[in-house]
Amino acid sequence: MAKTKIVVIQMKELIYTAIFAGLGILLIVLLIIMFFPFNKEDKKADQTADNGMYQPGVYNSQIELGDTTLNLEVVVDSDQVKSVSLVNLEESVTTMYPLVKPSLEAIEKELIDGKSLDDIPLSEKSKYTESLLLEGIRTALSKAQLKTAGLNS
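No experiment lies behind these values; they were computed from the predicted model shown.

Q: I'm lost on empty space enclosed by the protein in this one. Help?
A: Enumeration according to the criterion identifies one cavity of 30 Å³ or more in this entry. Computed from the structure, the largest cavity encloses a volume of approximately 40 Å³. Lining the largest cavity are Ile 63, Leu 65, Leu 70, Val 100, Thr 129, Leu 132 and Leu 133. At the level of elements, β1 (57-65) and α5 (127-144) are the ones that each hand at least two residues to the lining of the largest cavity. Along the lines of polarity and charge, the residues of the lining of the largest cavity split into six nonpolar, one polar and no charged.

Next up, the structure:
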């Protein structure tokens, strides 16, 4: 007759093996979830980020106007400017430079309508003020532009 072998496995070894196998499977599942997005919204967000011109957010720049420094705030979406405003604009500045606020509002309207900075016409009344504001906006938008992989590698 054939010899039969009896294998004795202790319960402690079975429990340890089951725990380690479970942890291994959990680790593999977590790695898959972390590195592969299963969400359709995540995939769409990645595609729109690739198609956009700007990194969405709020960007600031400073403008020197006489002896005063103005803080310019530009809010951008992935493909267009949402708003342009002067932060903490003091009343004394608007009194000394009355064309700042209407010039900024005109430029903001043009940018929201989709015009580029180069296509915005400067009015004869406030050419200097508008050119300063446009330069500040250009500085803020340069911070917002997406970096391409070819230029930064």
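Text resumes after the structure shown.
Q: Looking at this model, I keep getting lost on the packing of helix α4 (residues 100-112) against α5. Mind explaining?
A: Pairs of packed helices are described in terms of their axes, by the angle between the two and the distance that separates them. Look at α4 against α5: their axes get within 9 Å of each other, and the N-to-C directions meet at 50°. Taken together, the axis directions place α4 and α5 in an arrangement best described as oblique. As for the relative orientation of α4 and α5, their crossing is right-handed in sense. Contact residues: Val 100, Ser 103, Leu 104, Ile 107 and Leu 111 in α4; Thr 129, Glu 130, Leu 133, Leu 134 and Ile 137 in α5. Across the contact of α4 with α5, the residue classes break down as seven nonpolar, two polar and one charged.

What counts, and where the lines are drawn
Residues numbered from 1 in each chain as written. Predicted model: local features only at pLDDT ≥ 70, side-chain atom pairs only at ≥ 80, totals over all residues. Heavy atoms only, no water. 1 Å grid on protein atoms, 1.4 Å probe; cavity = no way out; pocket = protein on both sides within 12 Å on 5 of 7 lines; lining within 4 Å. Points joined across faces, edges and corners; volume = space filled by probe spheres on them. Helix = DSSP H or I, 4+ residues; strand = E, 2+ residues; numbered from the N terminus. Nonpolar A, V, L, I, M, F, W, Y, C, P; charged D, E, K, R; others polar. Axes fitted to C-alpha atoms, helices over the stretch in contact; angles between N-to-C directions. Parallel < 35°, antiparallel > 145°, perpendicular 65-115°, else oblique. Left-handed = near helix turned anticlockwise from the far one by under 90°. Contact = heavy atoms within 4.5 Å.

Purely geometric numbers; function is a separate question.
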